[in-house]
Amino acid sequence: MSQSNETIRKTLIVAILLSLVFSIVVSTAAVSLRPAQERNEALNLRSNMLAAAGLLSPGAGEEEIQSLFDQFEVMLVEMGTGQIVGPEAVGVENLEDYDQNRARRNPDLSRALDNDPAGINRLVNYARAYVLRDGDSIERVVVPVYGYGLWSTMYGFLALEGDANTVAGLGFYEHAETPGLGGEIDNPRWIAQWPGKKIYDEDGNFQEPKIRLIQGGVSSDADDIEHKVDGLSGATLTARGVERTINFWLGERAFAPFLEKVRAGEI
Ligand SMILES: Cc1cc2nc3c(=O)[nH]c(=O)nc-3n(C[C@H](O)[C@H](O)[C@H](O)COP(=O)(O)O)c2cc1C
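Everything quoted here is computed from the prediction, not taken from an experiment.

Visitor: Could you clarify how one ought to interpret the overall build of the chain in this entry?
Guide: The secondary structure content of the chain amounts to 6 helices and 10 strands. With respect to the principal axes defined by its C-alpha atoms, the chain has extents near 95 × 45 × 40 Å. When each of the 267 residues of the chain is scored for burial, the buried share is 32%. Intrachain contacts of the chain at a sequence separation of at least 6 include 55% that bridge at least 24 residues.

Okay, structure coming up:
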């Protein structure tokens, strides 16, 4: 009897010791791997930004990504005014530390949207923009765009040429739309339609983006073809989400005033 008790006690002690040791191992690993994880996340975001800008060669390594990224100026832009502000506006010392995603949930750093075509609920007060210069002229302006499709928020980057109107590229790097349907927003053939499209009417209103996704495809003699992109077959709702997302982020409440400054040579 006493022997069996002893066995139970020993078993429990061994089990407790083992779980203690393993929880220490797991938490140490989690803590020590965190910086590497953050570095990888930042690198991933950078490579997605560069890919949208059409500057990333396939299979580019960390060094190439970093050196391409370093050619960009990272700016913090006030939504709706286009003012460039310093990192102190978002309560950080270094712009790298600004977590734009978290800012969406912070009432000091974002505001609720009544009219919310992109389905994002809240708009950050300040968003990053990436500017690539060649001497005095601007080569690329890249802005983050995100909005709701059918099932999920689709996160991406839209790159413009130096005229702040012609699309240089678009890429979504995170979403949960259905593969083969809404998930076709990742398809390189669909993405390839975007470069060269115009966001605004050149002689018109630079506050009002004109992008349209056309279900069934854009016919070659369509009016305003420069604003039109083929929709996604069987995925009208995802396509509508993409259209609304682009037009919202390049609209007057978000990046339009900043892009106007780019055109005016004030950036
Ligand atoms: C399993 C399943 C997955 C779907 N995934 C998507 C999707 O990712 N995006 C989308 O817009 N519609 C998706 N749909 C279709 C929508 O329910 C809806 O029918 C469609 O958006 C209407 O567009 P259509 O007129 O092009 O068919 C899915 C439907 C089913 C049954």
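There is more to say after this.
Visitor: I'm lost on the domain arrangement of the chain in this one. Help?
Guide: Interfaces are often sized by the accessible area lost when the parts come together. Taken domain by domain, the chain holds domain 1 (1–70) and domain 2 (129–263). A separation of 35 Å is found between the C-alpha centroids of domain 1 and domain 2. Residues that form the side of domain 1 that touches domain 2 fall into these classes: 4 nonpolar, 2 polar and no charged.

Visitor: What's the story with the site of the ligand in this structure? I'm lost.
Guide: Around the ligand, the surrounding shell consists of L150, E177, T178, L181, G182, Q215, G234, A235, T236, L237 and T238. Across the shell around the ligand, the residue classes tally to 4 nonpolar, 6 polar and 1 charged.

What counts as what
- Residues numbered from 1 in each chain as written.
- Predicted model: local features only at pLDDT ≥ 70, side-chain atom pairs only at ≥ 80, totals over all residues.
- Helix = DSSP H or I, 4+ residues; strand = E, 2+ residues; numbered from the N terminus.
- Buried ≥ 20, exposed ≤ 12 C-beta atoms within 10 Å, placed from the backbone.
- Contact = placed C-beta atoms within 7 Å.
- Domains from an automatic or database assignment.
- Nonpolar A, V, L, I, M, F, W, Y, C, P; charged D, E, K, R; others polar.
- Near = placed C-beta within 6 Å.

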